[in-house]
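# Understanding the architecture of this molecule
Spelled out from the first residue to the last, the chains are:
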Amino acid sequence: MELFKIRKDIPFMKHALIFNAISFVTFALAVFFLFSRGLHLSVEFTGGTLMEVSYSQPADLQKVRGTVATLGFAEVQVQNFGSARDVMIRLPAQKGVSSAQQSEKVLTALKANDSDVTLRRTEFVGPQVGDELAEDGLKALAFVVIGIMIYLAIRFEWKFAVSAIIANLHDVIIILGFFAFFQWEFSLAVLAAVLAVLGYSVNESVVIFDRIRENFRRYRKMNTVEIIDNAITSTISRTIITHGSTQIMVLSMLLFGGETLHYFAMALTIGICFGIYSSVFVAAAIAMWLGIQREDLIKPIKKDNDPSDENSGAVV
């Protein structure tokens, strides 16, 4: 299915050096912000108080969020839990204030606005739990990266595996750089979005890599640069349809999903945009710099009477 068909190949690789330089600068800035500012971690990672309250009617999350914010709690997570009447509230830890004192203070403020609210449970999330979640998240990220490299090395060639992983890490670091620069809250939902972007980005790279391999078999007179340009150009229609429909869905979550889905959708939005960019101008370009060629993907077929075969002329 194609919305349009481009008759003449676009010379993407002609400008690969410029775009790679832009990528390097963007990547370096993201790393700088990660080290200089760090991530603004959520309660799941830093520890704090978790409350579950229940209302007799569907809860107004904006009203609940505003009530809790007036108590001096910054970056409070308020979301439905189970049903529209059940609300989960995550409060950051405060020095000199116990978890019981925090929950009592919040419950008193909520009851002042609605006397029907009841506390279902409250618990304290310790920093050690947050450290364990951070460690598990890094392990999950490492396992995904290793799995992608093994898959691409087996299906294609090691040069494609290296270029795809560099492109994927490029996307992940830039997402984290945005969160560090703007000090957006980094939660488990955002971590899930980052892992989703890894799979999403490699999918686009695999489509282009597969077309490159197909072109090497089909067009014998084209050089590597022409092969890559043709592969990217011929998949543009598919890219627009796939990423356009996905981006519309993610933008709807970003604009209408509320506070709960805001940063999750933001991470996906950044990841999708840079995922398209990295698949074309990072992954494909790095594969070209690494010297990918027809012989890497298509092994020559040795004939039975090949004179290079030592046993071909042997008499039995």
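The coordinates are above.
Note that the structure is predicted; figures quoted are calculated from it, not measured. (Residues numbered from 1 in each chain as written. Predicted model: local features only at pLDDT ≥ 70, side-chain atom pairs only at ≥ 80, totals over all residues. Heavy atoms only, no water.)

Time to look at the sheet that holds strand β4 (residues 83-92). Taken in spatial order, the 4 strands make up an open sheet running β3-β4-β2-β5, and their pairing is antiparallel. The open sheet terminates on both sides in strands that have one partner only, identified here as β3 (77-81) and β5 (118-125). Along the sheet, successive strands turn relative to each other by an average axial angle of 20°, direction set aside. Pairing analysis gives 5 bridges linking β3 to β4, with the strands arranged antiparallel. Paired with Gln-77 across the bridge in β4 is Arg-90. Taken strand by strand, helix α4 (residues 99-113) contacts β2 (48-54), β4 and β5, and its axis lies near 35° from that of β2. (Pairing = 2+ DSSP bridges. Helix = DSSP H or I, 4+ residues; strand = E, 2+ residues; numbered from the N terminus. Axes fitted to C-alpha atoms, helices over the stretch in contact; angles between N-to-C directions. Contact = heavy atoms within 4.5 Å.)

Attention shifts here to the side chain of Gln-77. In this structure, Gln-77 sits in strand β3. Judged by its relative accessible area of 11%, Gln-77 is buried. At 3.3 Å, the side chain of Gln-77 and the side chain of Glu-185 are in polar contact. Setting aside residues no more than four positions away along its own chain, Gln-77 makes contact with Ser-42, Val-43, Glu-44, Met-88, Ile-89, Arg-90, Glu-185 and Ser-187. (Buried < 20%, exposed > 50% of the residue type's maximum accessible area, 1.4 Å probe, protein only. Polar contact = N/O pair within 3.5 Å; in protein donor to acceptor, adjacent residues only side chain to side chain.)

Our focus in this paragraph is the layout of surface pockets. The calculated volume of the largest pocket comes to roughly 400 Å³. Lining the largest pocket we find 17 residues, and of these Gln-77, Gln-79, Glu-185, Glu-259 and Thr-260 sit closest to its centre. Elements that contribute at least two residues to the lining of the largest pocket include exactly β3, α7 (188-218) and α10 (258-289). Looking at which element gives the most residues to the lining of the largest pocket, the answer is α10, with 5 residues. A class-by-class count of the residues in the lining of the largest pocket yields 7 nonpolar, 4 polar and 6 charged. Space inside the second largest pocket adds up to approximately 310 Å³. Contributing to the lining of the second largest pocket are 15 residues, with Leu-138, Leu-141, Leu-176, Phe-186 and Leu-191 lying nearest its centre. Elements represented by at least two residues in the lining of the second largest pocket include exactly α5 (127-155), α6 (158-182) and α7. Counting residues per element, the lining of the second largest pocket draws most heavily on α5, which supplies 5 residues. (1 Å grid on protein atoms, 1.4 Å probe; cavity = no way out; pocket = protein on both sides within 12 Å on 5 of 7 lines; lining within 4 Å. Points joined across faces, edges and corners; volume = space filled by probe spheres on them. Nonpolar A, V, L, I, M, F, W, Y, C, P; charged D, E, K, R; others polar.)

Geometry only, nothing functional implied.
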